[in-house]
Amino acid sequence: MTLHESTAPGQPASIELFDDTDIRRILCVVAHPDDMEYGASAAVAEWTARGIEVDYVLLTAGEAGIRDQDPGEVGPLRAEEQRAACHLVGVSGLTILDLPDGLLEADLTTRAEIARQIRRVKPDAVLCTTWELETPWGLNHADHRATGLAVVDAIRDADNPWLFRSQRVDEGLDAWSTRWLLVTGTTPTHGVELSERSVELGIASLEAHEVYLAALPDHIPPRELITQVTRGGGEAAGVDFALGVRAIRMG
Ligand SMILES: [Zn+2]
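Residues numbered from 1 in each chain as written. Predicted model: local features only at pLDDT ≥ 70, side-chain atom pairs only at ≥ 80, totals over all residues. Heavy atoms only, no water.

Caption draft 1: Broad picture of helix α6 (residues 196–207). Over its twelve residues, α6 runs 17 Å from end to end, which matches the ideal 16 Å to within 8%, given 1.5 Å per residue. Residues of α6 that are buried include every one of S198, V199, L201, G202, I203, S205 and L206, and no others. Looking at the buried positions of α6, the neighbouring elements they touch are α1 (40–49), α2 (71–89), α7 (210–214) and α8 (222–237). (Helix = DSSP H or I, 4+ residues; strand = E, 2+ residues; numbered from the N terminus. Expected span 1.5 Å × (residues − 1). Buried < 20%, exposed > 50% of the residue type's maximum accessible area, 1.4 Å probe, protein only. Contact = heavy atoms within 4.5 Å.)

Below you can see the structure in the form of structure tokens.
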């Protein structure tokens, strides 16, 4: 995700805080290294500090993300920056599926890959970025749209024991019912309250994408950007800082 302008998603007048008391594991599924670091990773810092296990699945290594540098170099480099970002906010596991950056499709292959990860991690909630074409910061990237849509479908696929049956037969992965889908970058229904420490870790995790951000001279400084996003969420939720999410009950 690359943000050049105002980033605070359209906030409704007020949102309630998301009740995560029954949530033990969260799986975050996004397209690229850095997609989690525009506010969502601050919520991850909050969750992991409270003992919730968080895993990331990235569909690509973001190898086509730097115009002047060869994908063969960029992929490993961005994966490394993502590992550092994950470490900062306490992510348990990072899986990069190495699908082709820039060319993702919400097809059966992508759905099967995501369903496999859901069946493996067994999350109570899955978090993804919005699949909408128009977002508050402009037209959404093709990979983000494809990933969001594939995640919605894969949550249902993962819960249907008759779909992608080889995952059960050959890999021992049973059907899994995910209770919540949390979507970022769209009009929120709920806020995840953030401590100041979590906001700071969120900023640090975006700063960890050092080489990538250096290749984007127009990029808003991470501190300014994350503060703006989390203050906006906090204002809507009636607290100092929050990440706005659209919480959708899935099962
Ligand atoms: Zn992205």
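Caption draft 2: Representation of the nonpolar core in the model. Core analysis: the largest hydrophobic core is formed by 43 residues, its most contacted members being V44, W47, Y56 and L182. Considering each element in turn, this core owes the most residues, six residues, to α1. Leave out the neighbours within four places in its chain, and W47 touches D20, I26, I52, V54, L127, L182 and V192. Core analysis: the next-biggest nonpolar cluster, separate from the first, contains 23 residues, V29, C128, V151 and I155 among them. (Core = buried A, V, L, I, M, F, W, Y, C linked by side-chain atoms within 4.5 Å.)

Caption draft 3: Spotlight on the packing of aromatic side chains. According to the stated counting rule, one finds one aromatic pair in the structure shown. Measuring from ring centre to ring centre gives 5.3 Å for F18 and W180, while their planes differ by 90°; the resulting arrangement is edge-to-face. Here F18, found in the loop between β1 (16–17) and β2 (25–30), pairs with W180, found in strand β8 (residues 180–184); they are 162 residues apart in sequence, far enough to count as distant. By the burial criterion, F18 is buried, and W180 matches it. One Lys or Arg, R78, reaches over the ring of Y212 and ends 3.7 Å from the middle of that ring. Directly above the aromatic system of W162 lies the positively charged group of R168, at a separation of 5.7 Å from the ring centroid. (Phe/Tyr/Trp six-rings, centres within 6.5 Å; stacked < 30°, edge-to-face > 60°. Lys NZ or Arg CZ within 6 Å of the ring centre and 35° of its normal.)

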